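The chain contents come next:
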Amino acid sequence: MANIFTSSIGKKLIMSITGLFLILFLILHMSLNLTSVFDASGETFQAVCDFMALPIVGIMVPILAAGFVIHIIYAFILTISNKKARGTQRYAVPNKAATDSWSARNMFILGLIVLLGIALHLTDFWAKMQLADWAGGEVANPNDLMAATFGSLYVTILYVVWFAALWFHLTHGFWSAFQTIGWNNEKWFNRWKWIANIFVTIIMFGFAVTAIVAHCRVAGYCCCC
Ligand code: HEM
């Protein structure tokens, strides 16, 4: 009997479920970050970060980390087994290149860029807050970290490039996950693409606004934010 961990469809299903779980985390993360845009005093953002630091919320961290790790491991496994199945041929189906979107053909490399961005981001924020707390060190103020990170124009641009890579990765991933789950009849094939594009654009726009407003505040460009 085909096993969920070893069969091709089983592996895709694991990637889809962990991917959708990570998207749920991003919706929450983006919404909480937006509090820093709407309250320039930083008090709401500080309160939100204090809430996220409560032990009851901290239970979610290993589950989130497991979601990331499983998603990444299966990305490698699937990419390697797809390459083996194709042999020297670039595409298993000759006209696949023409039917696939640019994102679909570059999911693995987009995923690697996303991963590098996450490593940079965790070093900028998480390492100085939650990790410092676990290590018994001094926990940085999240508003100071926002100003320190997005005070640099280059870092802000790097983050926006990271959000763009995430946009490409997530629009295809979101749509593809629903295809894998089986919600892929003819009627919904294009509908899911539209839903994915609109939904992911809202999420990434929220992140980009947070970073850009933080930069504008430090640089003194904001008259009304
Ligand atoms: C403007 C954009 C963003 C800002 C200002 C931001 C801010 C933060 C802050 C303040 C923390 C530390 C929370 C704590 O330790 O209590 C954090 C953690 C984290 N961020 Fe972000 N983030 C942004 C975008 C993203 C994106 C796009 C991703 C994923 C692709 C992401 C993934 C994570 C992860 C995995 C953690 C560690 C888990 C956690 O503490 O919740 N972040 N972020």
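Residues numbered from 1 in each chain as written. Predicted model: local features only at pLDDT ≥ 70, side-chain atom pairs only at ≥ 80, totals over all residues. Heavy atoms only, no water.

(A) Looking closely at the packing of helix α4 (residues 60–86) against helix α7 (residues 107–124). Two numbers describe how α4 lies on α7: the axes approach to 11 Å, and their chain directions differ by 150°. As the angle between them shows, α4 and α7 are arranged roughly antiparallel. Classified by chirality, the crossing of α7 by α4 is left-handed. Between α4 and α7, the residues in contact are F68, I72, A75, F76 and T79 and F108, L112, L115 and I118, respectively. A per-class count over the contact of α4 with α7 returns 8 nonpolar, 1 polar and no charged. (Axes fitted to C-alpha atoms, helices over the stretch in contact; angles between N-to-C directions. Helix = DSSP H or I, 4+ residues; strand = E, 2+ residues; numbered from the N terminus. Parallel < 35°, antiparallel > 145°, perpendicular 65-115°, else oblique. Left-handed = near helix turned anticlockwise from the far one by under 90°. Contact = heavy atoms within 4.5 Å. Nonpolar A, V, L, I, M, F, W, Y, C, P; charged D, E, K, R; others polar.)

(B) Representation of the site of the ligand in the model. Within the structure, the ligand sits among 21 residues, and H29, N33, H121, W162 and F207 are positioned closest to it. Separating a nitrogen atom of the ligand from a side-chain N or O atom of N33 is a distance of 3.5 Å. Between the ligand and the protein, one listed contact pairs an oxygen atom with a backbone N or O atom of Q130 at 3.5 Å. Listed by contribution, the elements that provide at least two residues to the shell around the ligand are α1 (8–38), α4, α7, α9 (142–150), α10 (153–181) and α11 (186–219). The leading source of residues in the shell around the ligand is α1, at 4 residues. Its residues assigned to classes, the shell around the ligand comprises 16 nonpolar, 5 polar and no charged. (Near = heavy atom within 4 Å. Polar contact = N/O pair within 3.5 Å; in protein donor to acceptor, adjacent residues only side chain to side chain.)

(C) Spatial organisation of the coordination of the iron atom of the ligand. The protein atoms that coordinate the iron atom of the ligand are H29 (NE2) and H121 (NE2), at distances spanning 2.0 Å. What the 6 donor atoms of the iron atom of the ligand show is an angle range of 86 to 180° at the metal, which sorts the shape as octahedral. On the criterion of sequence distance, the pair formed by H29 in helix α1 and H121 in helix α7 is long-range, its members being 92 residues apart. (Donors = N, O, S within 2.8 Å, 3.2 Å for Na, K, Ca; no water. Tetrahedral: all angles 85-135°; square planar, octahedral: opposite > 155°, others 65-115°.)

(D) Main features of α9. Of the positions making up α9, those classed as buried are P142, L145, M146, T149 and F150. Projected down its long axis, α9 carries its buried residues within an arc of 105°, all on one side. Those residues of α9 that are exposed and aimed more than 90 degrees away from the buried face are D144 and A148. Looking at the packing, one finds that the buried side of α9 touches α1, α2 (43–52), α7, α10 and α11. A distance of 2.7 Å separates the backbone nitrogen of N143 from a side-chain oxygen at the start of α9, and that oxygen is part of N141. (Buried < 20%, exposed > 50% of the residue type's maximum accessible area, 1.4 Å probe, protein only. Arc of directions from axis to C-beta.)

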